[in-house]
Amino acid sequence: MSNRYVIKKIIGALLTLFAVVVFNFFLFRIVDRDPLSKYRGRSKLSLEQREAMIRRMGLSGSKWDQFVVYIKSTLRLDFGRSFDSTRPVLREIADRLPATLILVGISTALTIGIGLYIGAKAGWARGSRFDRVSTSGTMVLYATPEFFFGMLLLAIVAGRTGWFPTGGLRDIGANYGFVDSLLDRAHHLVLPSLTLTLGYLGSYSLIMRTSMLETLGEDYLTTARAKGLKESDVMTHHAVPNALLPSVSVIAISFGFVIGGAITTETVFSYPGLGLATADAIRNTDLPMLQALFLVASAAVIFLNLVADLTYGLLDPRIRHST
Amino acid sequence: MSDSVASISPRGMTWARRKRALARVWRELRNDRSGFSGLLILLGFGLVALCAPLIADRSLLLAAAGRNNPDLAGPSAKFLLGTDDIGRDILAQLVWGSRVSLFIGIFATVVAVLIGSLVGLVAGYVKGKVATVLLAIDNFFLVVPFLPLAIVLAVILGRSPVTLALVIGFTSWAGSARLVRAQVLSLSERGYVERARALGANSRHVILRHILPGVAPLIIANATLIVPGAILTESTLSFLGFGDRLSPSWGKLLDGAQSSGSITLNAWWYYLPPGLCIITVVLAFTLFGRALERIFDPRLAGR
Amino acid sequence: MNKNLFKILVALVVGFAALAVSTSTSVSAEGELTFTVGVTQDIDSLNVTVGFLVIDYEIWNLTLPSLTSKAASDFSILPYMAESWTGSEDGLTWTYKLRSDMKWSDGEPMTADDVAYTITRSVADGWWNHTPVTGNLTATATDAETLVVTSSVPDPKLPILDVYIVPKHIYEKISAEELPNYLADDNVSGGPFQIVERKEGEFVRLVQNPNWFGKEPAIEQLIFRTFETAEAQYNAIKAGDLDAVDDVPVKIFTSLEAGDEPNIIGIAGNQGSFSYLAMNSSCPTGIGDGHVALKDPNVRRAINWSLDRELMVDKVLNGFGKPAVSISASANPAFDYQVAADQTYSYDPARAKALLDEAGWKDTNGDGVRDKDGVELKLRYFDRSIGGASDTTPFITGFLKDVGIATDVKTFDEDSLGAIQAKSEFDLYTWGWSPYADPDNMLSNFTTAAVPTDPTVGGYNDGNWCNAEYDALYAKQKVELDPVKRADMIQQMHKIFANDGPYAVLYKYDNLQAFRSDRWQNFVRQPAEVGPIMFTQTSTGYLDLEPISGGSGGGGTNTIVVIGVALVVAGAVFTLVRSRRKKSADDRQ
Amino acid sequence: MIDSTVLKVRDLYVTYQSSFGPVPAVRGVDLDIALGETLGLAGESGCGKSTLAMALLRLVPPTTQISGSILLDGQNVLTMKPGQLRLVRWAQASIVFQGAQHVLNPVQRIGAQIDEAIQLHHGSTSSTVREMLALVGLSDTRADDYPHELSGGQKQRVMIAMALSCNPLLIIADEPTTALDVMVQAQILQLLDNIKRERGLSMLFITHDLSVLSHNTDRVAVMYAGRIVEVGPAEELLRGSIHPYSRALAESFPIIGDPKSRHQPKGLAGDPPDPNLLPSGCPFHPRCNVAIDSCKSIDIKLSAVAKSVDRQVACVHANDESRSVK
Amino acid sequence: MSSNKQYSGNALLELRDVHVAYPSRRRGGSVARAVDGVQLTLQPGEIVALVGESGCGKTTLARAILGLQQLSQGTIQFDGESIPTDAAGKKLFRRQVQIVFQDPTASLNPRQSVYEIVAEGLRIHGNSENEHKIVSAALERCGLHPADRYLLRYPHELSGGQRQRVVIAGAMVLEPRLLIADEPVSSLDASVRGEILKLLQDLARDKNMAVLVVTHDLGLPWNIADRIAVMYLGRIVEIGTTEDVLARPKHPYTRALLSVVHEHLQLEQQILKGDTPDPTSISRGCRFNPRCPMVQSGEAERLGILQKCLNDDPVLPNKQNNDHIAACHALNI
């Protein structure tokens, strides 16, 4: 992969990120929201105090001044204080980030793994029973809103059987050792990550199936067969690596949807991550939180897209070696 | 056909061609079991949505409509799908909900496809700085996480079905722009476009005669595949409480089912029908759209 | 599947699991008797000068002492920090004798000095949770155990003096400017419990305060877990994850009362919380842009007559509440409006229409909406986005439509709606109040003084309503020390308010709480018979709770379940891989 | 070894399944290739020549019906079990595909692709990637390259190296030089020729371009509509075709300097038939300028020509003295 | 028939020192000099074959003549005038110069019927009178008769040869004076090839239309061309009548090309080494020197021209129309 390719992609990602930052700035200045409503009536703030607070929030002066302050503080990762909790936004986010990282991470890994596996197998054996069953199944998964899965799982699995906790991140205050606390967290993760996985499995599987079908007619597969390779090896060594390529970028773009899925899933399971924070922040019109959450989510997707682009570059020698 | 050709005007011939093309699409669709059943399901839902006033009176949707009805009652002869938590007929809400959900899904798609096609067409046909800028904007909308953006816009713009549809449309055009652009780029390289240029055609001719007819099927197929996404988004927004509370969309019904505890109470008639409607319509649109894709894009034949 | 890819996936999952461990903060290591409460509200702020949500008060009740306490059964005064108190003849000065053995949880002595500091500082800084009580008080600590409080006017709120006492050694370090942003995260407690851990949006964990000087609770550890939905929370108690929940969905509560869950009991407790439709009456001294029609008391009355409160109680509350025509001034039903049956607003759309006709609002252009002098009777109707706050909206808008009043509904978050209220830029909006034990605070909300005049400061008179007669009565009851006379004045105020008032009060609703009756017993309600157990005025319910031995669920089962699931998954994967191996022969040839 | 015939095809029928029904692509073909012999197989697109090539190693889609027999070194390919078939593929007969553009896996290094074949048939060869590359005139640093880094000619060399890597008895070269430039085409043909001679390989050389066959093949078979219409020694067949189709095919490539073709492009009216809709009788009769009435109904079988033992023709005029010599 | 046609009057097409350069795709990469100084004239009714390997610039040159490609240097005159750059003039010019592309399948819009395809040129140029008649006539002239049988067909319903006939008919409706045929038969079946070539030859003769055939196949000019121009790396290295060039090739490149064409049996095979040359790196001196058999065999050194070959770029001598000339130092000894 040439440096030029890498640099180009990195610059592209940074530009998009910057666009998000700018977009954020304007978007949240359109909303009419009193930044000091939290303090209204609860303590007697003098006019000077109010002005000082507004100034500290970067909400005074011309739009340009505000923009400069905004950019500077964004670069310092200073997103101000939450309108709602009055805690620093960064702290709120730092508190909730790990939970979402784990949930989205595990679900994404499972989704990609299982989705690609099913898609590859279905595409390879097009028209077979496995293909028909799995494609129908993945289509239904694809058509089902993930929160509906969540509702059903919650009702049937958690509500009826009690095998899994109905929500939360862990058993609070329980007396657990290291291993037990790990298991406890895993236990709490099962239903939310299952929800998120089921919710997005379908699209990944369909994407992979399509790109598998695209490779099916390729001559190099005939070459591989002619060489005497087993069908399974033809698939794993020749078809899958090629079919993965177009999937990579489509999958990267889908990350944005998984982030959306995290919002509903975390809501259904009261799972205290960034998704739930987003839902709450929107409900409260907590602009500083929203701004930061939006930036974090965008940055995550932009970053993952960059990773996907670079992975693509690594996987595809045609890009890797292009100058 | 050959014997009557001499009498057919060029315009008639074009019509004949269109008719034949349509007939071909129809024939192939008939032969595509999943795509055709998707179409039938959609027609069914469309019919229900159109005939909603005939099936259930609009006044049944009013909060006070359940005045003399039992709350959360199971299906019965009087209430085929039972009642909701304030005693209203669920079937009536489902029927009217199909209107809202389909309207938002389709209107949002129209918005998305219009923006997407225009951007895609321009970015594909015009090269240089304009295309670069358009692609950057497209990339932005492609990469920025869509649901938070849609929610924020919904909060800013309000919650009526129309604004909701606009929001969803405005946030989901990027993919089709990309698709259209790729197709336009590939069409521009085709021999027949080159040939038309060599014949002396200007851009208008090339776009109208070759590029647009070439991308149109793709746009139609793509649109059919955007609708389910828009319906899903609407249901998600409504479920999260950002929909229009006074319009009984399916997502709204699910929200109501969830907040009234119908799942815990085993009131399946409240949460299953809207969920299944969403799944069915999304599935039907997806099957239909994929079938159109197969028909319009021979490359995908046999999928 | 490509073996390498599979390995990468396994590595990813393991990696995330490891991350899970590394980020897990250690939870309490001792085996403590834990009481876990599910709540649908997240703590707003633990700073007693900022917070205002019910959950905030609940935590303060458990962690901040007050001078006296209130009896669970009837709110009568009980000792707390003060063991005894004596008042002067004129009732203006009270001398409190405090316990001598009190310490804050951090070991600092808790003395009369803390009380005097709290009162003095709250007046100076204008703490909004304190000033309604302390505003007219001065306090001095003559020694560690003696506190002298003087009121500038006769004050029926004495000697209870119902405010939270804050630790002076903490608060004196924080300037008035910094105070609004103080997060109160040093967890110094003077109540039965102290906070040991808090995760925003997730939970707050309290343990017994070792320096607590009162009755030792059976509960050793108290956890409030935040849930996103009431249903999820109910499922959690059903599954045994919780011991109690506040806010059970009404339909579920009905099934609970029907005995569907033998291990859970439901308590529908009323402490005066009510919902209302505020109407912008455009007080001349206030600001705002309320609809001209609402200035006319007859239009407001018409709206009151147009509402079918019974239906809303039935459908929205499933019967867990009762229709109301005036506010609840106090959590104590003794102060409720004793309204005669013929004076109450019943559902009478015809009367509403007649009143509107009489007021000159008629539908002259036949569009179904009344108008007068070219002005349509179309009202801006705002409601809140949280939980079920907007459940009445479709009903009310429907009732209004029936009598020819159009509405334009918009939904806001609480703070934004609060900001709109502070500007009085609305016509109608719905909200709710929960009263204190003493009626003064609630009654003060409808005085002319509480009308917002500066949007940055706001005011609680959210009907933007003023009535001289009401103001006069308010001033009188405020300094009336005779409870009977005071109650009488309050009845008159109710009457004025209900007849002329800015509210269409909808109903009083019950707090629907549920408890694991297989694990706990001795549920004490406040007030007796009708009140809830948790989220009361004093939160003494927690101190009374007693465990039923052997009823508590343990975490051990979780491990077994997880291991079981892991085994099943591993088995499935193994089978899958095996079957793939077998089929990998060239079936395509 | 039973005899010196490396490949013996008898009565081979290959029928594809398409959405329009069965498509008979190869209809009763007999072929023999002796040890060290190169047979050229010529025909236009759709005549079934590539299907024939693929069928030899059963590389056709699974739904395709194949009947007849294909004896490769005495063993019938069509009755082999999959495992056995895999052993035969590449080790006994390998293929040089047309359009080297896509026949190499674009995401695998070419060294690995050659090595894959070597590893798979380890028992039958001890050659190394480096040797194979050297054999086709590529430096061994090329092993680390990806297909897209090579030119068309180089890719075809890699393909040849790969085909030789397991020391097969037979190489099936399916349009090995199509899409290459004249000069590169010549290079590849020369390379194939040299290797064939050095190793004593048998080869089936399939092309649509008769002109490349004259130098590189011993015998030539011409296919039309799924069957062989004429077969015989290369020179003889190209210079003096008997079947009107082979003659037309030969004439469509003018001999430069031959005044008969100067300003006289020769072609054949009509189009090759659609395998779905084969004409009755001799499938060539609609385009044939010497067809007689019986051609419409009677399909003449390939049979020996009186004047030459090596030649077989499927034409009613095969033995007309006046027409057979040109 | 005689191969030495005599032409009178002005040339129909005259190329002078035509250069076309593509900017490099990569930064710092060199420019691709696809066409690097070409002189060529075409007389009305004349068929000229432009022969060369892929990448020699022959297709770029064809596109440049059509105005589909910007010149970086030089002039192209049609009918004595420069190719117009304004829209109206361009349109008029395009009417007179038509092209037939290599792949008829790609040249036909699969969504249009044969009628629409053939009529497209007429519609573009606003000539809709008698459209039906003109289209039918053109189709029949191109061997698709009765035309009515084909009008409503779609490209995918036609065979390769029929498609190419449709393409040619589409060009012929405008009655061009110059037809550029870019590898017109290379994607067609061998048996169809001759028919299409015959059609081109007949059209040229009947309509007095000049044809520039771009091809890599030396047999094609022997079939139909009056003259041959051999291109190598953007330059014409040899040009002359078909008979002259094919019978007595002067340039070593032409000789090598001819030697590997199997039907030309007189010459001993001279297979040039190396790949198709790269227009981004044209060597110093004679552009053919890296592959030149004369240089490699030492013959150039023997003749004493090696230094010239390595340092001087040989140019085609000035010439008359039918002169047989080549750009090689060995010819000037």
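For the structure, check the block above.
Model, not experiment: these values are computed from the prediction.

A. The overall build of chain E, seen in detail. Helix and strand content of chain E: 14 helices and eleven strands. Taken over the C-alpha trace, chain E has a radius of gyration of 21 Å; the compact-globule value for 333 residues is 20 Å, and the two agree within 12%. Across the 333 residues in chain E, those meeting the buried criterion constitute 60%. The contacts in chain E between residues at least 6 apart in sequence include a share of 67% that link residues at least 24 apart. Taking the average place of the 37 positive charges on the side chains of chain E and the average place of its 37 negative ones, the gap between the two points comes to 3 Å.

B. Representation of the state of the cysteines. The full count for this structure, using the stated rule, is one disulfide over all chains. With its sulfur 2.0 Å from that of its partner, Cys283 of chain C forms a disulfide with Cys466 of chain C. Taking the torsion about the S-S bond as the criterion, the Cys283 of chain C to Cys466 of chain C disulfide, at about 110°, is right-handed. Here the residue Cys283 of chain C occupies a position in the loop between β13 (274-279) and α8 (297-306), and Cys466 of chain C occupies one in the loop between α13 (440-444) and α14 (468-478), the gap between them amounting to 183 residues. The exposure class of Cys283 of chain C is buried, given its relative accessible area of 4%. A disulfide-free cysteine, Cys277 of chain B has its sulfur positioned 16 Å from the sulfur of Cys51 of chain B, the nearest such atom. Of all cysteine sulfurs in the structure, the one in Cys286 of chain E sits closest to Cys56 of chain E, which takes part in no disulfide; the separation is 15 Å. Among the residues examined, Cys56 of chain E registers a relative accessible area of 3% and is labelled buried.

C. Representation of the pattern of salt bridges. Residues and elements named next belong to chain E. For the coordinates displayed, the defined rule picks out 64 salt bridges over all chains. A salt bridge links Glu46 to Arg227; the nearest nitrogen and oxygen atoms lie 2.4 Å apart. Taken together, the positions of Glu46 in the loop between β2 (32-42) and β3 (47-51) and Arg227 in strand β9 (residues 227-232) put the pair 181 residues apart, joining distant regions of the chain. Among the residues examined, Glu46 registers a relative accessible area of 0% and is labelled buried. According to the relative accessible area criterion, Arg227 is buried, its value standing at 1%.

D. Focus on unusual backbone geometry. Going from Leu158 of chain C to Pro159 of chain C, the amide bond is cis rather than trans, its omega being 5°. As for its placement among the helices and strands, Pro159 of chain C is situated in the loop between β7 (146-151) and α5 (168-171). Positive phi values are uncommon outside glycine, yet Leu161 of chain C reaches one of about 45°. Counting through the fold element by element, Leu161 of chain C comes out in the loop between β7 and α5. Its relative accessible area of 1% is what places Leu161 of chain C among the buried residues. For Asp73 of chain D, which is not glycine, the phi dihedral falls at a positive 55°. Mapped onto the secondary structure, Asp73 of chain D falls in the loop between β4 (65-72) and β5 (75-76).

E. Highlighting the sheet that holds strand β4 (residues 73-78) of chain E. All names here are of chain E. With antiparallel pairing, four strands are arranged side by side in an open sheet as β2-β1-β4-β5. What marks the edges here is a single partner per strand, and that holds for β2 and β5 (81-82). With two bridges joining them, β4 and β5 adopt antiparallel strand pairing. For Phe78, the partnering residue across the bridge sits in β5 and is Glu81. The sheet contacts of helix α1 (residues 58-65) involve β1 (13-22), β2 and β4, and relative to β1 the element is tilted by about 115°.

Each value, and the rule that gives it
Residues numbered from 1 in each chain as written. Chains lettered and ligands numbered in written order. Predicted model: local features only at pLDDT ≥ 70, side-chain atom pairs only at ≥ 80, totals over all residues. Heavy atoms only, no water. Helix = DSSP H or I, 4+ residues; strand = E, 2+ residues; numbered from the N terminus. Rg over C-alpha atoms; globule rule 2.2 N^0.38 Å. Buried < 20%, exposed > 50% of the residue type's maximum accessible area, 1.4 Å probe, protein only. Contact = heavy atoms within 4.5 Å. Lys, Arg positive; Asp, Glu negative; His and termini not counted. Charge placed at Lys NZ, Arg CZ, Asp CG, Glu CD. Disulfide = S-S within 2.5 Å. Salt bridge = Lys/Arg side-chain N within 4 Å of Asp/Glu carboxyl O. Pairing = 2+ DSSP bridges. Axes fitted to C-alpha atoms, helices over the stretch in contact; angles between N-to-C directions.

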